[in-house]
Amino acid sequence: MKSGKTDLQTFRGSRSKSSAFTLLAVGTVLAWLAATGSAQTSNPSQAPAVGEYGDYQVHASAELGGRFTGIVGSGNMYDTLVNLQSGPRFLSETLSMQSMDHQGLLFDDLYVDSFGWGGDPNNALTLRADKDKWYNLQGRFRRDQNYSDFNLLANPLNPPTSNPSIPALNSPHLFDTVRRMSDVDLTLLPQGWLSFRLGYSHNNMTGPSYSSVHEGTDALLLQPWNTTLNSYRVGVDARVAPRTVLSFDEFLDYYRGDTDAQLAPFAPALLSSGAPVELGLSIDTANRAPCAVVPPATSLISNGTLTNVSCNAYFGYLRNQRVRTSAPTERVSFRSSYFQRLELVGSYAYSSATMSTPLYESFNGLITRTGTRAFTGTGVADANRISDTADFGATLHLTKHLRLINQFYFWAYRIPENGNFSEVDSVCTGTCNLLTPLNATSPTTSPTVQQASFNQTLKRNQTQLAWDFSKKAGASVGFRYGNRVFDHFNDFLPGDLDHFDINEFAALAGVWFRPTRELRMNFDMEHGNYDNLIVRIAPRKETRYRLQSNYTPRPWATVGGSINLVQDSNADSLTNYVGHNQNYGLTASLNPKERFGVDLAYNYNSVIQNALICFNDTPPTGVTLPFVAGAGSCAGNDPANPLLGNSFYTNHTQFGMASVRFVPHPRLTANVGLNVTGVDGSIPQFNILQPLGSLDYIFVQPALNLSVDLGHKLAWNTSWNYYQYNEGSFVGPTAPRYFHANLLTESLRYAF
Amino acid sequence: MRVNLRKICALTFFVLLLCVVSMAGPAAQQVLDKGGPASKAASNSQYVGADTCKTCHEEIYDAWEKTPHWKTMLNKGTPSKQGCEGCHGPGAEHVAGGGDTSKIFVFEGKPREETSARCLACHGDTHGQGHYPQSAHASSDIGCLDCHSPHHAQEKEFLLARKQPDLCYGCHTTEKADFAKPFHHRVNEGLVQCNDCHNPHGTGTVRQVRALPSGDAVCYKCHADKQGPFVYEHVPVKTEGCMSCHTPHGSTNPRLLRVSLVNMLCLQCHTFPTQGPAGPAHNQSAKYQACTMCHTQIHGSNFSAVFFK
């Protein structure tokens, strides 16, 4: 599945840089124009100081080098977690130009910063320029490559006893996509009584990815990913009174989803007629996936030929959609501290999104359960999302040390949904197998008309009273009330409405201490109750505690600690939901000398999530699965899933980090560091082949970095990184995920 | 339990209005120095100008001169908004007193409320900072100078005391560990910043999380294909949000899932048909495979009520 990666990446790589180069070009032209213009006005008899050009003080750096990677073990897992590959790199580039009198020709300040060019999975470019009262310009380009081959989310678990045995060693949902995001925001007259904001964002994701479709059996699909979101923003701020601003914004989002899907090979075979057929991902002949082996044949495929033609299989599959969504949004907002004791902020936004897409789907093969030899699906889907959003915040200073804070939030949306589809099935009239010609089938048309509406209204009001006892301590208490009404009109027929009305009541409290200038502590808590819920694992009770403290006994030493506890529960006897996320952390940063510094961190995280579940499970003879053997009866509640069990998920994660920086010689700086994340936990096992997931591993990442000042504004940097992902979980019929890798990065940095 | 929200809102509004009215008027005690030094109505003669400050505080002046705050020197005719005295107040008495620090506003050691009010006198009405007085940071006594350093900023942009994310990690150690987990949003790599998703100056929602103008989760700015609207919405995606199934910062599980096996996540809701959506009838031993093998469009579909395509 990785064979197509290189060509596609090369193609994508050439496109990815276009937006960034545009930003870079803008910055370069601005810099050149400004510097040239300023240089012409300066006295030519005075030679500029180093780093000064015209009226500007200029600092710039560029770092060129390369990476050398050696991987042992699962290369796909390395790509999933790290993905730093060998090759030359333009590692980083910075440029800063500051007008020395803050009155530059085109700009007063210009900053350009970028990293990761030439093949790293993450690269970004930021640009910022401003000219005092005239404008602020911010631009950012980001590109991230996402490779994922972790076969827990799509795993046919083909058993070794199947014939043929074809384990799925790569994830059927493997993807290797690249997302490119550009954001440009320009504020004109930022300090004027009337200022204007213009913005544009572009988000494009492309690349090969795989998926699967279930038609009789599961088939592997290739879906070249292609989605684009363009966002336009226009806004105006008016300072209508002292310390009072009224704003209006218009947003337009336009989304295009052009991802298609087509059949990809996994288990090909030939019919006796010589026609190629695809058996799909699930090859478990004992459980008739895609079908059983019929004696006298001993295998489903013999000499490349399918031995059972009454088998779920695909000759072809194709699906096209062209999703188009446009979402205009208008927002008015204000913020004011006009009144001496009162600070106000508020906004209201109306948004109306419209989505429409045609559908074309064609299947040619055999679905044995329904005797379908082929089908074609066509139709049109459209949906709207109409939303109203409002918030209002007020802070009233009752006295110098006592203030009342109120925040109100409202969000209501409705999503009318319309679908009008038609599927024409070619259903066998007599004997049905893969050799049955299509003209021996009769067409059956199945129309689908979907008309539904998905509505929710959320209101939340939070009131707090905050009291600063002194400049050394303060406290706050508060209360949050929320109400959520959810209505799902499934088809607008009587009795087919899902209606939920949920009230939230939460008590809030917090204290802070700064007993000395060196020590600060914060504690806050929330305790919430919900009188109803929509989804089963939403809590009826939720409690959060957070304690954070920092101690700075010396200007060069900071020690910090934090405790975060979140506990959820729903004591309903048919749910028995309980969850917690407990986190304890310590950090220390010690830099006693300019030539020596140490950073340390440790964190322990405990997660539990449990709810009662009903399931259906009959392990093979001779196999005992503790979770199944210990299950109770759920037959009275769910006859199709007669077993009852607690789905306890536990996860204990420990994270440790140490980093030492020292400068043994004025021209040499060294950094040595180590990051370790260790995980252990448990989750019930349903099936003897079921991989247990990422619940038993140690991820170790030591690093060493040396920087040598070579003089002449040059520095030589070398760094070594080591990655070891040691997953000890049972992986079943999936590929082992262990890897370790060495990464050496050499570079030369020029800076002035 | 049914509570009339309208009554609660009306009551809250009434209490607020009562407080405002009761404290309005010329006799009202000045509790917040919103106008900064200008509100003291000092005469221009009490201002000495930044050049005078430089004579004693040259090192600080040289650092400050390189920051955007120097541009306040260009505010012609308004000495209360210029240079050092734009923040520290009039300096004539301080100079006359031979550098007496009690005669000028010194930020160090002052309560957060007072120091932040000085900054907000100019920055309070800018975009994105309107919610600061209601923010969790303000309630926890985190002021402007806890993150910004006007004189000794390590980061030129926004005069941050330290670079992101280290600045945030200084207090939020839990998140530092989360972003070090194998599956994480790329904050440490420099691709994503904390303030892409959170507004440290506060928002209208809880935990200072940003939202799109339409009210939708900020997650959709990057994960645009998940936003919809869809003809078939998966209920928890829209009603509970992404965090119903994912952890936002980092996870030991692929795709930042809350549990390591996607089936278990699905089964925790799709069970007990009397309580909600029915569960699968597959025999888990005969045919165990991830639910998302078939239900591929789990965030919403335009053509399949069971999210097959």
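Participant: Report on the overall build of chain B, specifying residues and quantitative values.
Facilitator: A tally of helices and strands in chain B yields 13 helices and 2 strands. A fraction of 50% describes how many contacts in chain B between residues 6 or more apart in sequence connect residues 24 or more apart.

Participant: How would you explain the overall build of chain A if you had to name every residue and give the values?
Facilitator: Along the backbone of chain A there are 3 helices and 38 strands. Projected onto the principal axes, the alpha-carbon positions of chain A cover approximately 95 × 60 × 50 Å. Taken across its 752 residues, chain A has 40% of its residues classed as buried. Within chain A, counting contacts between residues at least 6 apart in sequence, those at least 24 apart form 62% of the total.

Participant: Requested: an account of the pairing of strand β8 (residues 194–207) of chain A, with residues and values cited.
Facilitator: All names here are of chain A. Note: strand β7 (residues 175–188) against β8, 11 bridges, orientation antiparallel. Within β8, the position partnered with M181 by the bridge is N203. The hairpin turn running from β7 into β8, its antiparallel successor, is 5 residues long, and L189 in that turn takes a positive phi close to 50 degrees. One ladder, built from 14 bridges, connects β8 with strand β11 (residues 225–241); its direction is antiparallel. Each residue of the ladder has a partner; that of Y200, found in β11, is Y232.

Participant: Go over the sheet that holds strand β32 (residues 632–633) of chain A, please, and point to the residues and values.
Facilitator: All names here are of chain A. The strand order across the open sheet built from 3 strands is β31-β33-β32, with neighbouring strands paired in antiparallel fashion. Across the chains shown, the open sheet's two edge strands, defined by having one partner strand only, are β31 (612–615) and β32. Pairing of β31 with strand β33 (residues 643–646), which is carried by 4 bridges, proceeds in the antiparallel orientation. When the bridges of β33 are listed, C614 appears paired with L644.

Participant: Talk me through the confidence of the model for chain A; I want residue IDs and the actual numbers.
Facilitator: Per-chain confidence: chain A averages 90 in pLDDT, with 93% of residues scoring 70 or above. Note that pLDDT drops below 50 for residues 1–21 of chain A; the model gives that stretch 20 contacts with residues more than four away or on any other chain.

Participant: An account of helix α6 (residues 112–123) of chain B is requested, with residue identities and associated values reported.
Facilitator: In this model α6(B) runs 16 Å from its N-terminal to its C-terminal C-alpha over 12 residues, within 8% of the 16 Å that 1.5 Å per residue would give. Listing the buried residues of α6(B) in full gives R112(B), E113(B), T115(B), S116(B), A117(B), R118(B), L120(B) and A121(B). Of the surrounding secondary structure, the elements contacted by the buried residues of α6(B) are β23 (441–470) of chain A together with α4 (83–88) and α8 (144–147) of chain B.

Participant: For unusual backbone geometry, give the residues involved together with the corresponding values.
Facilitator: Going from P295(A) to P296(A), the amide bond is cis rather than trans, its omega being 10 degrees. Topologically, P296(A) is positioned in the loop between β15 (276–278) and β16 (301–302). The amide bond that connects Q164(B) to the next residue, P165(B), takes the cis arrangement and shows omega of 0 degrees. Relative to the helices and strands, P165(B) is located in the loop between α8 and α9 (166–169). Despite not being glycine, H102(A) has its phi angle at roughly 60 degrees, a positive value. Checked against the element boundaries, H102(A) lands in the loop between β3 (87–99) and β4 (109–117).

Participant: Explain the interface of chain A and chain B to me, using residue names and the numbers behind them.
Facilitator: Tallying the contact residues gives 156 residues for chain A and 102 residues for chain B. Ranked by residues supplied to the side of chain A that touches chain B, first place goes to strand β22 (residues 402–428) of chain A with 13 residues. Within the side of chain A that touches chain B, the residues separate by chemical class into 67 nonpolar, 64 polar and 25 charged.

Participant: Could you give an account of the confidence of the model for chain B, naming the residues involved and the relevant values?
Facilitator: All names here are of chain B. Taken over all residues, the pLDDT of chain B has a mean of 84, while the share at 70 or more is 86%. The weakest mean pLDDT in chain B belongs to helix α1 (residues 5–23) at 53; the strongest belongs to helix α11 (residues 194–197) at 95. For the stretch residues 35–40, pLDDT sits under 50, and the model shows 13 contacts to residues farther than four places along the chain or on other chains. With pTM at 0.89, the complex prediction returns an ipTM value of 0.90.

Participant: I'd like to hear about the pairing of strand β6 (residues 135–148) of chain A, residue by residue, with values.
Facilitator: Residues and elements named next belong to chain A. Most of β6 is tucked away: 11 of the 14 residues are buried. Alignment of strand β5 (residues 122–131) against β6, held across 10 bridges, turns out to be antiparallel. In the strand pairing of β6, A129 is matched with L137. The antiparallel pairing of β5 with β6 creates a hairpin that spans 3 residues between the two strands, and D132 there sits at a positive phi of about 20 degrees. Bridging between β6 and β7 involves 14 bridges; their strand directions are antiparallel.

Participant: Residues and numbers for the environment of H397(A), please.
Facilitator: Residue and element names in this part refer to chain A. Secondary-structure assignment places H397 in strand β21 (residues 372–397). Judged by C-beta crowding, with 24 C-beta atoms within 10 Å, H397 ranks as buried. Between the C-alpha atoms of H397 and W720, which are 323 residues apart in sequence, the distance is 55 Å.

Participant: Talk me through the environment of N522(A); I want residue IDs and the actual numbers.
Facilitator: Assignment of secondary structure puts N522(A) in strand β26 (residues 519–530). N522(A) sits 49 residues away from A473(A) along the chain, and the two C-alpha atoms are 9.7 Å apart. Once residues within four sequence positions are removed from consideration, N522(A) is found in contact with W512(A), Q548(A) and S140(B).

Participant: How would you summarise the environment of C291(B) if you had to cite specific residues and measurements?
Facilitator: All names here are of chain B. Among the structural elements, C291 can be located in the segment after α13 (262–267). Here C291 falls in the buried class, since 21 other C-beta atoms lie within 10 Å of it. Taking the C-alpha atoms as reference points, C291 and N263, separated by 28 residues in sequence, lie 5.7 Å from one another. Discounting residues that sit within four places of it in the chain, C291 has contacts with V262, N263 and C266.

Conventions and cut-offs
Residues numbered from 1 in each chain as written. Chains lettered and ligands numbered in written order. Predicted model: local features only at pLDDT ≥ 70, side-chain atom pairs only at ≥ 80, totals over all residues. Helix = DSSP H or I, 4+ residues; strand = E, 2+ residues; numbered from the N terminus. Contact = placed C-beta atoms within 7 Å. Buried ≥ 20, exposed ≤ 12 C-beta atoms within 10 Å, placed from the backbone. Pairing = 2+ DSSP bridges. pLDDT = per-residue confidence, 0-100. Expected span 1.5 Å × (residues − 1). Nonpolar A, V, L, I, M, F, W, Y, C, P; charged D, E, K, R; others polar.

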